[in-house]
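What the coordinates show
These are the residues of each chain, in order.
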Amino acid sequence: VCTDNFWYFRGVRRCPCRRAFHPSSRFFKDLSIGTQAGCDYFRMPVGAKIPSIDVEEAIGGSAANVVTGLVKLGVQATLLAAVGQDSVGQTGIATLKNRGIDTTGVVVVPGQRSDQSTVVRSTNNPDRTILTYKGATLTESTVKADLVAGASLFLWTSVGGKHPVAAIKRCMQVARATGVKVAAAPSQAMIATHPQDMLELLAGTHVLSLNDVEIMLLTDTKRLQDAISKFLAAFPQMEWLQVTRGKKPSLLICRTQSDNNSVVRVVRTTPPKVKAVDTTGAGDSACAGLLYAYLHNTSAEEGARTAATTSTAKVCAKGATGGLPDAKRLRLLLHTFDFVQSSFTTTVQAMVEVPDKDIL
């Protein structure tokens, strides 16, 4: 069960620049491209009206993307979310129902618009920029937290504002009272804007998926090994910790089933080399694969391969959920993709002494 708002995505493609976006949802051909403070940017003439060559529309958002991936793999899932009283919300609910997702937990908020985002992609670079509009949102009083009871797993994803954070806390209270495991996939923005709430939420979380920048921001460290060690020491209940790193090897750190809670198994997985088409939703698809493996009690090595497989399959197709495999195709890809994997056992304290070559 997941909690998040819907995002209504409008994807556009136009120029051969590296990265570009504009509030009117268009790519542009005649742009001034450069780099400032480590970030790509573009300039355009004020008042310009430049046509795009392609526009795509889809329903997405982190929670919806993860749930879509899980349902496609054969997992029954219910989405807890809020939409506005508009055509976007109606389309979103209908689309998710068609995907096989239980929308019992979706709340329609009267008088508000649904979340909408513009995802901008270049024609020669798979990276994307997202321009967001935050609309209807869940609150502690509107979230259908009773749906959490009886689930195998409750997942919370990135949200903004105090009201949806309170909604997550309410769901976690139900999860804790009924013995439901909790997973999380927060964003960098949520970590930066809700640091104290993050600590409280993570204290009740058992499975976490995030990237290297996010875990170092969360732990206020500049070295990945230090971040992992500090994080696991602070949250001893954490069972699986996935750290994605884009094209670089991902890490899955699992506590071993021993009397010593500080012993962990570290699995380093290098994804296969493929031609990336669209990176939108890559982290969400990795999370879906991770949770699928966790729910099936796989080994750490197989869990890491599963997460890498779902993520790799997704980046080979357009859209936030394009290319996500079903269970049959997942088994095929697990034997088809060429993974490079290594693993070792260490302790939380000794994690800081692990050489870069074994991690990076």
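Quick summary incoming for the structure in this document. Being a predicted model, the structure only gives us computed values, none of them experimental. (Residues numbered from 1 in each chain as written. Predicted model: local features only at pLDDT ≥ 70, side-chain atom pairs only at ≥ 80, totals over all residues. Heavy atoms only, no water.)

1. Topic: the overall build of the chain
As a reminder, the rule being used: Helix and strand assignments follow DSSP, with helices taken as H or I runs no shorter than four residues and strands as E runs no shorter than two, numbered in order from the N terminus. A 1.4 Å probe rolled over the protein chains alone gives each residue an accessible area, and that area as a share of the maximum for its type sets the label: buried under 20%, exposed over 50%, partly exposed in between.
For the chain, the count of helices and strands is 11 helices and 16 strands. For the chain, the residues scored as buried account for 52% of the 360 residues in total.

2. Looking at the nonpolar core
Selection rule: Nonpolar core, defined: a set of buried Ala, Val, Leu, Ile, Met, Phe, Trp, Tyr and Cys residues in which side-chain atoms within 4.5 Å join the residues together. Contact criterion: two residues are considered in contact whenever any of their non-hydrogen atoms come within 4.5 Å of each other.
Judged by nonpolar contacts, the single largest core of 50 residues is most densely connected at Trp156, Ile215, Phe231 and Leu241. In terms of residue count, the dominant contributor to this core is helix H3 (residues 162–178) (seven residues). Apart from residues lying up to four places away in sequence, Leu241 is in contact with Leu208, Leu210, Ile215, Ile228, Phe231, Leu232, Leu251, Leu252 and Ile253. Judged by nonpolar contacts, the second largest core, of 25 residues, contains Val207, Val267, Tyr292 and Ala293.

3. Concerning helix H2 (residues 87–98)
How we decide: Helix span is expected to be 1.5 Å times the residue number reduced by one. What the arc covers is the set of directions going from the helix axis to the C-beta atoms.
The terminal C-alpha atoms of H2, which comprises 12 residues, lie 16 Å apart, in line with the 16 Å expected from a rise of 1.5 Å per residue. Among all positions in H2, only Val88, Gly89, Gly92, Ile93 and Leu96 are buried. Along H2, the residues classed as buried sweep out an arc of 130° about the axis, all on the same side. H2 presents Ser87, Gln90, Lys97 and Asn98 as exposed residues on the side facing more than 90 degrees away from its buried surface. Once H2 ends, the next one or two residues include Gly100, with phi positive near 90°.

4. Here we look at the packing of helix H6 (residues 212–219) against helix H7 (residues 224–234)
Between two packed helices, what matters for the description is the angle formed by their axes and the separation of those axes. Test applied: Structural elements are reduced to axes, namely lines fitted to C-alpha atoms, with helices fitted over the stretch in contact, and the angle between N-to-C directions of any two is expressed from 0 to 180 degrees. Roughly parallel refers to an angle under 35 degrees, roughly antiparallel to one over 145, roughly perpendicular to one between 65 and 115, and oblique to any angle outside these ranges. Each crossing is labelled by how the near helix is turned from the far one, with a counterclockwise turn of less than a right angle marking it left-handed and a clockwise turn marking it right-handed. Residues were grouped as follows: Ala, Val, Leu, Ile, Met, Phe, Trp, Tyr, Cys and Pro as nonpolar; Asp, Glu, Lys and Arg as charged; and all remaining residues, including Gly, as polar.
As a packed pair, H6 and H7 sit with axes 9 Å apart at the nearest point and diverge in direction by 60°. Here H7 runs oblique to H6, going by the angle between their axes. Crossing geometry of H6 relative to H7 is assigned as left-handed. Facing Asp212, Ile215, Met216, Leu218 and Thr219 of H6, the residues of H7 in contact are Leu224, Ala227, Ile228, Lys230 and Phe231. Taken together, the residues that form the contact of H6 with H7 break down as seven nonpolar, one polar and two charged.

5. Considering the side chain of Asn65
Stated formally: Counted as a polar contact is a pair of N or O atoms within 3.5 Å, where, for protein atoms, one must be capable of donating a hydrogen and the other of accepting one, and residues adjacent in sequence contribute only when both atoms are in side chains.
Along the chain, the position of Asn65 falls in helix H1 (residues 62–72). In this structure the side chain of Asn65 is engaged in a polar contact, spanning 2.9 Å, whose partner is the side chain of Asp284. Those residues in contact with Asn65 that lie beyond four places of it in its chain are Gly60, Asp284, Ala320, Thr321 and Leu324.

6. A word on the packing of H3 against helix H5 (residues 195–202)
Interaxial distance between H3 and H5 falls to 11 Å at its minimum, and their mutual angle equals 15°. One finds that H3 runs roughly parallel with respect to H5. For H3 against H5, the interelement crossing comes out left-handed. Judged by residue contacts, Val165, Ile168, Lys169 and Met172 of H3 engage Asp197, Glu200 and Leu201 from H5. Tallied by class, residues from the contact of H3 with H5 come to four nonpolar, no polar and three charged.

7. Concerning the pattern of salt bridges
So the rule is basically this: A side-chain nitrogen of Lys or Arg and a carboxyl oxygen of Asp or Glu constitute a salt bridge if their distance falls within 4 Å.
A full pass over the atoms with the stated rule returns eight salt bridges. Ionic pairing is found between Asp115 and Lys134, a salt bridge with its closest N-O pair at 3.1 Å. Of this pair, Asp115 sits in the loop between strand E7 (106–109) and strand E8 (116–121) while Lys134 sits in the loop between strand E9 (128–133) and strand E10 (153–157), placing them 19 residues apart in sequence. Exposure remark for Asp115: the relative accessible area of 1% places this residue in the buried category. Through salt bridges with shared partners, one network takes in Lys169, Asp197 and Glu200.

8. Some remarks on the pairing of strand E13 (residues 240–244)
We apply this condition: Two strands qualify as a pair provided that DSSP identifies no fewer than 2 bridges between them.
Most of E13 is tucked away: five of the five residues are buried. Alternating positions in E13 separate into two faces, Trp240, Gln242 and Thr244 on one and Leu241 and Val243 on the other, with burial throughout. The pairing of strand E12 (residues 207–211) with E13 spans five bridges and is classified as parallel. Across the sheet, Asn211 pairs through a bridge with Thr244, a residue of E13. The pairing of E13 with strand E14 (residues 250–255) spans four bridges and is classified as antiparallel. Of the residues in E14, the one forming a bridge with Trp240 is Cys254.

9. Overview of the environment of Ile59
As for its placement among the helices and strands, Ile59 is situated in strand E5 (residues 54–60). A relative accessible area of 6% means that Ile59 is categorised as buried.

10. A short note on unusual backbone geometry
Among all residues save glycine, negative phi is the norm, and among peptide bonds the norm is trans. With phi around 55°, Asp220 is a residue other than glycine that occupies positive phi space. Following the sequence through the fold, Asp220 ends up in the loop between H6 and H7. On the basis of relative accessible area, Asp220 is assigned to the exposed category, the value being 68%. With phi around 55°, Asn297 is a residue other than glycine that occupies positive phi space. By secondary structure assignment, the location of Asn297 is in the loop between helix H8 (282–295) and helix H9 (300–315).

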